[in-house]
Amino acid sequence: MSINEYMSNKHRECDDVFSQAENFVAEDKWDEAHKHWQQFHGELEEHLTMEEAVLFPKFEQATGMTEGPTSVMRMEHAQMRALCDKLANAALAKNKEAYLGLSETLMILMQQHNMKEEQMLYPMTDRVLGDSGPVIQAMENHDS
Ligand SMILES: [Fe+2]
């Protein structure tokens, strides 16, 4: 499996749980909403951490590009985390309107971010790193 396939699958998994949480909020099912929100938040954080701790450094070492695409991705991760903090508060307060507004913003940001990774960064990473096996292994072994 390529890094692109492996990471794209992770994106799909996160997206699914994220939209489930959103649907439960829309239906005022807060117990289910909290459960899915927390699952999404945990999976997203793990995914971002795997990239920052394993994938991006390997890309940067292999290409010598530290101010390029990975620095943009790290900035976008910070934006996503800031939105997640606000979403967590909206979920705690059971504020449906605030949650759905923030959730829309995060969804658009994630779509654009994931597209850049899947169409540019991951394919580039597959090209420069060659064998994806050890990289995927290192990401799976990483404690986030
Ligand atoms: Fe990312």
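Bear in mind the structure is a predicted one, so any value in this text is a computation, not a measurement.

So, about the overall build of the protein. When its secondary structure is counted, the protein shows 5 helices and 0 strands. The C-alpha atoms of the protein give 16 Å as radius of gyration, which agrees with the globular expectation for 144 residues (15 Å, within 12%). Projected onto its principal axes, the C-alpha positions of the protein cover 45 × 25 × 25 Å. Split into buried and exposed, the 144 residues of the protein put 25% on the buried side. In the protein, 68% of the contacts between residues at least 6 apart in sequence involve partners at least 24 apart.

Bringing the nonpolar core into the picture now. Ala21, Phe40, Leu87, Ala91 and Tyr99 are the most contacted members of the largest nonpolar core, which totals 15 residues. Sequence-distant contacts of Leu87, defined by excluding residues within four places in its chain, comprise Tyr99, Leu102, Ser103 and Leu106. Listed in part, the 10 residues of the second largest apolar core include Phe59, Met73, Tyr122 and Val135.

What follows deals with the packing of helix α1 (residues 3-26) against helix α2 (residues 30-63). Two elements in contact, α1 and α2, have axes whose closest approach is 8 Å; the angle formed by their N-to-C orientations is 155°. In terms of orientation, α1 and α2 fall into the roughly antiparallel class. Helix-helix and strand crossings are classified by hand; for α1 and α2 the assignment is left-handed. Counted together, Lys10, Glu13, Cys14, Val17, Phe18, Gln20, Ala21, Phe24 and Val25 of α1 and Glu32, Ala33, His36, Trp37, Gln39, Phe40, Glu43, Leu44 and His47 of α2 form the full contact between these two elements. When the residues that make up the contact of α1 with α2 are grouped by side-chain class, the tally is 10 nonpolar, 4 polar and 4 charged.

Of all residues in the protein, 99% attain a pLDDT of 70 or more, and the chain-wide mean is 96. The secondary structure element of the protein with the lowest average pLDDT is helix α5 (residues 133-141), at 93, and the one with the highest is helix α3 (residues 69-92), at 98.

Rules and cut-offs
Counting from 1, residues in each chain are numbered in the order their sequence is written. Only residues with pLDDT of at least 70 are given local features in this predicted model, and only at 80 or more are side-chain atom pairs given and counted; all residues enter the totals for whole chains, interfaces and linings. Secondary structure elements are taken from DSSP: a helix is a run of H or I of four residues or more, a strand is a run of E of two residues or more, and numbering for both begins at the N terminus. Each radius of gyration reported is based on C-alpha atoms, and the globular scaling rule is 2.2 Å times the count of residues to the power 0.38. The exposure label follows from counting other C-beta atoms within 10 Å of a residue's C-beta, where the C-beta atoms are placed from the backbone and the thresholds are 20 or more for buried and 12 or fewer for exposed, leaving partly exposed in between. C-beta atoms are first placed from the backbone for all residues, and any pair lying within 7 Å is then listed as a contact. Here a nonpolar core is just a set of buried residues of the types Ala, Val, Leu, Ile, Met, Phe, Trp, Tyr and Cys, joined wherever their C-beta atoms sit within 7 Å. In this analysis an axis means a line fitted to C-alpha atoms, helices contributing only their contacting stretch, and an angle means the value between N-to-C directions, from 0 to 180 degrees. Here is the rule for angles: anything less than 35 degrees is roughly parallel, anything more than 145 is roughly antiparallel, 65 through 115 is roughly perpendicular, and the remaining ranges are oblique. Crossing chirality is assigned from the near helix's rotation relative to the far helix, an anticlockwise turn below a right angle marking it left-handed and a clockwise turn marking it right-handed. Asp, Glu, Lys and Arg are counted as charged, while Ala, Val, Leu, Ile, Met, Phe, Trp, Tyr, Cys and Pro are counted as nonpolar; the rest, among them Gly, fall into the polar class. The predictor attaches a confidence to each residue, called pLDDT, with possible values from 0 through 100.

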